[in-house]
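Remarks on the overall topology
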Amino acid sequence: MNDNDLVRRSVAALRARLLVVAPSVGVAAGRANQLAVGPLLEALADAVAGSSTPSRVWLLATAVAAGYPTVAEVTAVTRGLELAAPGVRGGAVLSGVAVTASQVRSSVVSIELVSDPLVDVDFCATHAHNTGIQRVVRSTVPKWSGAHVLAAWSPDGTGYRRLTPSQESLVTAWHSGARAEPADTNAEPLLVPVDGAILLPEVPALEYIARLASIARFSGNRVGLIGYDAIPVVSADTVSDDESDRFAHYLEVVKHANVVSCISETTADEFRSLNSSFEAQGIRGPSVLALPLPEQPVGGQRAAEHAAPVAVPLVLMVGSLEPRKNQLGVLSASRILWERGAEFELQFIGGGSAWFIAQFDREVDAVRRLGYPVSVRRGVSDSDLAAAYRAATVFVFPSLQEGYGLPIVEALATGTPVITSNYGSMAEIAQGGGCLSVDPRDDDAIADAIERLLVDPVLRESLIAEAAARQGLTWAEYAGSLWRQFMEPVA
Amino acid sequence: MSPQISAIPDFDKAVDAREALAALQSQRVEEWVALVRFGDVIPLSVENSLSWKLTRPVRLAQTAVKVLRRDGITRFWATVRARLRRLVGRS
Amino acid sequence: MSEDLGTGIRGVVAALLPGKAADRERERHRLRLEHSMPLPTAEAAWLMLAVLGRRLPTSEEVERAYRFGRFNGTRALVRSIAMERLRHPSRWFDAKVSVLRSAVLLDVHDSIDTHLLTGVQRLARGIAESWIPRGATLIGWSPGRTQLRVADPRALQAAKKKRRMARRGVVPWQGHYVLAEVVTEPERSVRTQALAQYAQSRTMLVGADIIPLTTAETTGPRMPGVFAKYLAAAARMSVVAAISSTAAAEYAGWRGMLRSAGIGGPEIVNVPIAETAGIASPDARAEAERLLLAADDEGTLPLVLSVGSHEPRKNHGAVLAAAELLWREGLRFNLVFIGGNAWSSDEFRMRLAALSSAGRPIQSLSGASDAILWWAYRLARLTVFPSVNEGFGLPVVESLHSGTPVVTSRFGSMEDIARGGGCVLVDPHDDRDVAAGIRSLLLDDALHDRLAAEAVARPLRSWGAYAGDLWRILVG
């Protein structure tokens, strides 16, 4: 196919897209159908210029570019329409969205208007990875009964597409060993939300944020997010610059969103604090609601009975290896106890980034050389993880910051007592019973708590009883409440 | 004589005759499509994601492609030679 | 007030142990330290790393050293720090570090390092001028950003900046430390964070805004990421002195987030920044008029002035669009921008060029001198400043103190300033509203005169008064 052919087909596709949005921006279908592409664009531009509603500008810009425009582009089109004379307004639109149009890789893109909520499950649809956020998404989204459309980004990052069957099964029917298929994305149509909603149960990747911010600000669609945490700014010293950078840009979407459902009261507190910081720029920010995550054991089934007591007690910590999780504090606390003569085995489960694994392994090796029983396990399957929770005498999780603390409730749901931090979301969970709370920055406090649980069977039994009596949400209940929070208008 | 604020200045010449206008409008759409498909629009995000040091070679490459497409290979080499001569300070 | 406790093990012993450290022999000092403090505290570990290791440590390094000391004793820690330094040839030539007890250190590194005179440098200079006579010490950082160095007090003024800093490193101990600028080097931020945590000193950060976090779309590439590290240092300070009530509210919101990490966070106080009227020297008047004023057939055009760099946050695109709307209405005025280019200013320049070539009376000056700037404020009919977020909005008060009314944004620090009079408030995200604000001040003489009178009546606040307030909060 030569260039001229392609241009002709691209122009035809552009005209088809304009016909789809014409009624929504105020040009009757009957009239639109009779116009050639140039006059058609002009008619739509005139209609949008007359109303100067941001959602119409966004819609026209999206139809012309075949991708979602950025904030700068919508602003440029708005200004162009304001200043251009009648007869050349189409040019203003074309000029304004040229950059996004040039980033759309496919030449012939059709569009589909969608008024049902679009659910962005991009990462879960394209990655087999399954921790934290992915667990939440895969346990929640498939349980939504309200009408919605699952969506992933096109490879060029310019707009949403429907999921392919294999992408959909990766979201709704994930299983251990599932694999993502590379280069598996619908070519078309581009999904264009109109008077609908965008739901973001994941934290979007940096490259999509500029377009999402523009959707949140201009498109008139309701935008709902799950607020997981503000770790990248609050504990910035424990994450990479890039992660903080992405989070700050993510706030461009947050501040123009309608509702943020936070996974703990603590996280809700963080987002409310952010809202008060947004006031300096004349922005109120989203409604912030709290909906703590469910309490379910790994694998979904509560242990009928706990494993038989073992000769050497097992102290277990589960969580990715990173400074924030405070594995070094647990290692140090354990060494304090071993030097006092305590007998127990310490086990860490979790992967992490290479640089910290190397450093952590060195520390662990040094302790092991002293003759103390400590091990690190990575790449553990869900069933082995569930077995480890059951086998543990004590579960320790004195993280420096968490949005929620999923491993804590997983341990409690298995019936294992927990030692965790005495503030934030972890203290929130601890209030429900089954936990000892300590200052995670104090190795001695962690050591003392472990010792108490090892030597005091009465305390341990009472914590186990508390854990068994906990009443948390199921995933189905969580999914239902989340849907209501997203979709019901807030006062 | 009102100035048009636009990224691509050629698209906003005022025209009167209705028929000619309609034809011209469609022609502009075609030109625009050709431009964004095969043309010289430098995505700002590309520029932003690269530090300015990296942007220069990218710009250079884009300019080179532009000249090649517009003027053909012979003219292209002539331009490169002229630039190099200017760079080393001769002629 | 400030006391130099010496370098090396002698300085460490003098800082950590009570009593005189007259002894000159290193080995005796070491034995005394090991005897009196068999296990180090975290603060002692920080001090040993900073002085014996000759590099300010990060918090992570302090924790590791503290745990090492706890299991192996002070003696082993001292030895391991020395060995660590010997193992890396790059560290052999690190300068000696001495302990300064009870000093007031003013960290103005970037202001020493530059010839520019932006808001930040004015601030650094304003504080320094008042604090040096009170006994404060100016400090900067070593080239590798691993040591603090005492800076020459004249360094902030000198045009030729040679030998601005001493060779020897210093660490504060049981004293005071103030950070009066935004740190964009993560290396420096992480060490400042540990200093605030462990130096047993009262620490203060002068906070202008948290824009890179809350308005990331308008900041330069990578800025939000490095700014987060700066905030992590701020989280460990004793007090943040915000430059306006809006900045204080922003910081209070940020502080509220720290609870989730179990960090108490600094006290947030509002110390309004100085407001001074610039001097428009009569000598510069002719030059300023030549540069800034334009005329048409009817005579000299009213001047609409916009001051600030052309970064997206300043919203100069809206100023251009609003001006064009007004020119089309037939209003007579010329528009002058004073300010440098910044990131993403290409679009602004292109649009300005388009308007200019279409014959609109518009121009942009960069690198204008202070004298020209102050004349510009005086010659202008009005200043327009529709920024989307400001910690303070210096051009607004500069214009008001020159007697010129301002069109500015209807929220945040700009609205705060406007409460004192002299301003027309607009929605900066609405070009027509910005245009309406400018139009009202161009056409309505009564309004203009009333606002100009309000502007002149605005009370001044000297740098001395501002620096004095800061001093009281930090030192007492």
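Residues take numbers from 1 onward in each chain, read along the sequence in its written order. Both sets of labels track the order of writing: A upward for chains, 1 upward for ligands. With pLDDT at 70 or above as the cut-off, local features in this predicted model cover only qualifying residues; side-chain atom pairs require 80 or more to be listed or tallied, and sums for whole chains, interfaces and linings still use all residues.

The subject of this paragraph is the overall build of chain B. Across its full length, chain B carries three helices and zero strands. In this text, helices come from DSSP runs of H or I with a minimum length of four residues, and strands from runs of E with a minimum of two, each type numbered from the N-terminal end. When the helices and strands of chain B are placed in sequence order, the string is α-α-α. Taking all 91 residues of chain B together, 14% fall into the buried category. Buried means a residue has 20 or more other C-beta atoms within 10 Å of its own C-beta, exposed means 12 or fewer, and partly exposed covers the counts in between; C-beta atoms are placed from the backbone.

This paragraph deals with the overall build of chain A. The helix and strand inventory of chain A stands at 22 helices and 15 strands. Dimensions along the principal axes, computed over C-alpha positions, put chain A at roughly 85 × 50 × 40 Å. When burial is assessed residue by residue, chain A has 55% of its 491 residues classed as buried. Long-range contacts, defined here as pairs at least 24 residues apart, represent 73% of the contacts in chain A between residues at least 6 apart. Placing a C-beta atom from the backbone of each residue, one calls two residues in contact when those atoms lie within 7 Å.

A separate point is the packing of helix α4 (residues 54–65) of chain A against helix α5 (residues 71–83) of chain A. Residue and element names in this part refer to chain A. What counts as an axis is a line fitted to C-alpha atoms, over the stretch in contact for a helix, and the angles between N-to-C directions run from 0 to 180 degrees. Relative to each other, α4 and α5 sit at 105 degrees, their axes nearing to 10 Å. Taken together, the axis directions place α4 and α5 in an arrangement best described as roughly perpendicular. Residues P54, V57, W58 and A61 of α4 form the contact with α5, whose participating residues are E73, V74, V77 and T78. We call Asp, Glu, Lys and Arg charged. Ala, Val, Leu, Ile, Met, Phe, Trp, Tyr, Cys and Pro are nonpolar, and the rest, Gly among them, are polar. A class-by-class count of the residues in the contact of α4 with α5 yields six nonpolar, one polar and one charged. Comment on the angle field: the value is read as roughly parallel under 35 degrees, roughly antiparallel over 145, roughly perpendicular from 65 to 115, and oblique elsewhere.

Residue and element names in this part refer to chain A. Taken together, the seven strands give an open sheet; going across it, the order is β4-β3-β2-β6-β7-β8-β9, and neighbouring strands pair in mixed fashion. Of all the strands in the sheet, just β4 (160–162) and β9 (287–290) have a single pairing partner and so form its edges. Averaged over all neighbouring strand pairs, the angle between strand axes comes to 30 degrees, with direction disregarded. A pair of strands is considered paired only if DSSP assigns at least 2 bridges between the two. The pairing of strand β2 (residues 118–120) with strand β6 (residues 197–200) spans two bridges and is classified as parallel. By the bridge assignment for β6, L118 is matched with I198. Lying over the sheet, helix α22 (residues 475–487) contacts β6, β7 (222–227), β8 (259–262) and β9, oriented at roughly 160 degrees with respect to β8.

What follows concerns the nonpolar core. We define a nonpolar core as a collection of buried residues of the types Ala, Val, Leu, Ile, Met, Phe, Trp, Tyr and Cys that are connected via C-beta atoms lying within 7 Å of each other. Counting 318 residues, the largest nonpolar core has A:L60, C:L106, C:V171 and C:L231 as its most contacted members. Ignoring sequence-local partners within four residues, the contact set of A:L60 consists of A:V21, A:V25, A:L44, A:A45, A:V48 and A:V93.

Once that is clear, we can look at the sheet that holds strand β15 (residues 435–438) of chain A. Residues and elements named next belong to chain A. Taken together, six strands build an open sheet; the order of strands is β12-β11-β10-β13-β14-β15 and the sheet is parallel. Because the sheet does not close on itself, it has two edges, and the strands there are β12 (374–377) and β15. Going from strand to strand, the sheet's axes swing by 20 degrees on average, the running direction of each strand aside. As paired strands, strand β11 (residues 345–349) and β12 are joined by four bridges and run parallel to one another. Following the sheet pairing, L346 is matched in β12 by V374. The strands touched by helix α15 (residues 327–340) within the sheet are β10 (314–318), β11, β12 and β13 (394–397), with β10 carrying the most contacts at an inclination of about 170 degrees.

For the rest of this paragraph, the subject is the interface of chain A and chain C. On the side of chain C, 44 residues touch chain A, which itself brings 41 residues to the contact. Taken together, the elements giving at least two residues each to the side of chain A that touches chain C come down to α5, α12 (231–234), α13 (241–256), α14 (265–278), α15 and α19 (424–430) of chain A. Of the residues in the side of chain A that touches chain C, the class split is 16 nonpolar, 14 polar and eleven charged.

What a helix is expected to span follows from its residue count: subtract one and scale by 1.5 Å. Taking 1.5 Å per residue as the helical rise, helix α12 (residues 316–328) of chain C with its 13 residues ought to reach 18 Å, and the 18 Å between its terminal C-alpha atoms agrees with that figure. Burial runs high along α12(C): twelve of the 13 residues are buried. Within α12(C), the full set of buried residues consists of C:H316, C:G317, C:A318, C:V319, C:L320, C:A321, C:A322, C:A323, C:E324, C:L325, C:L326 and C:W327. Check the buried side of α12(C) and you find it contacts α5 of chain A together with β13 (303–307), β14 (334–338), α13 (346–357), β16 (382–385) and α17 (431–443) of chain C. C:G330 lies just past α12(C) and shows a positive phi near 95 degrees.

Residue and element names in this part refer to chain A. Relative to the helices and strands, R211 is located in helix α11 (residues 206–218). Counting along the chain gives 142 residues from R211 to P69, while the straight-line C-alpha distance between them is 6.0 Å. Apart from the residues lying within four places of it in its own chain, the contact partners of R211 are Y68 and T70.

For the rest of this paragraph, the subject is helix α17 (residues 382–391) of chain A. All names here are of chain A. Within the span of α17, buried status applies to L385, A388 and Y389. Along the axis of α17, the buried positions cluster into a sector of 100 degrees, meaning they face one direction only. On its buried face, α17 sits against β10, β11 and α18 (406–414). An arc is given here, and it is the one of the directions from the helix axis to the C-beta atoms.

Our next topic: the pairing of strand β10 (residues 267–270) of chain C. All names here are of chain C. Of the pairings in the sheet, the one linking strand β9 (residues 239–242) to β10 comprises four bridges and is parallel in character. Paired with V239 across the strands is E267, a residue of β10. Crossover connection from β9 via helix α10 (residues 245–258) to parallel β10: handedness right-handed. Convention used here: a crossover is right-handed provided that the path from the first strand, over the helix, to the second strand proceeds clockwise when the strands point away from the viewer.

Before going further, it helps to spend a moment on the packing of helix α11 (residues 285–292) of chain C against helix α14 (residues 370–379) of chain C. All names here are of chain C. Where α11 contacts α14, the two axes come as close as 9 Å, and the packing angle between them is 65 degrees. Between α11 and α14, the angle is such that the two are roughly perpendicular. Here α11 and α14 pass one another in a crossing that is right-handed. On the side of α11, the interface is formed by R285, E287, A288, E289, L291 and L292, while α14 contributes I372, W375, A376 and L379. Here the residues of the contact of α11 with α14 sort into seven nonpolar, no polar and three charged. Helix crossings get a hand from a simple test, with the near helix turned counterclockwise from the far one by less than a right angle marking a left-handed crossing and a clockwise turn marking a right-handed one.

A few words now on the environment of A:V37. Topologically, A:V37 is positioned in helix α3 (residues 37–51). Its 23 C-beta neighbours within 10 Å are what place A:V37 among the buried residues. The spatial distance from the C-alpha of A:V37 to the C-alpha of A:A467 is 67 Å, given a sequence separation of 430 residues. When sequence neighbours within four positions are dropped, the list of residues in contact with A:V37 reads A:V11, A:L14, A:R15, B:S26 and B:V29.

This paragraph deals with the pairing of β16(C). Residues and elements named next belong to chain C. Of the two faces of β16, the one holding L382 and V384 and the one holding T383 and F385 are both buried throughout. Relative to β16, β13 runs parallel, the two being bridged by two bridges. Bridging from a neighbouring strand, L305 pairs with T383 of β16. As paired strands, β16 and strand β17 (residues 406–409) are joined by three bridges and run parallel to one another. When the sheet's bridge partners are listed, F385 is paired in β17 with T408. Handedness of the crossover is the feature at issue here: the chain leaves β16, passes through helix α15 (residues 394–401), returns alongside β17, and the resulting connection is right-handed.

All names here are of chain A. Although it is not a glycine, D195 adopts a positive phi angle of roughly 50 degrees. Take D195: it is sitting in the loop between β5 (190–193) and β6. Although it is not a glycine, N326 adopts a positive phi angle of roughly 70 degrees. Residue placement: N326 occurs in the loop between β10 and α15. On the basis of neighbour counts, which here come to 25 C-beta atoms within 10 Å, the residue N326 falls in the buried class.

Now for the environment of A:L321. Residues and elements named next belong to chain A. Within the element layout of this structure, L321 appears in the loop between β10 and α15. Placed 32 residues apart in sequence, L321 and S353 show a C-alpha to C-alpha distance of 7.2 Å. Not counting chain neighbours up to four residues away, the residues in contact with L321 comprise Q327, G350, G351, G352, F356, I357 and F360.

All names here are of chain B. Confidence scores here are pLDDT values: one per residue, from the predictor, ranging 0 to 100. The predicted model of chain B has a mean per-residue pLDDT of 62, with 48% of residues at 70 or higher. Across chain B, element-level confidence peaks in helix α1 (residues 18–38) with a mean pLDDT of 83 and bottoms out in helix α2 (residues 44–49) with 40. Considering only residues more than four positions removed or in separate chains, one finds that residues 1–16, a stretch of pLDDT under 50, has 43 contacts. A low-confidence stretch, residues 43–55 (pLDDT under 50), is modelled with ten contacts involving residues beyond four sequence positions or located in other chains. Predicted as a complex, the structure gets a pTM of 0.89 and an ipTM equal to 0.92.

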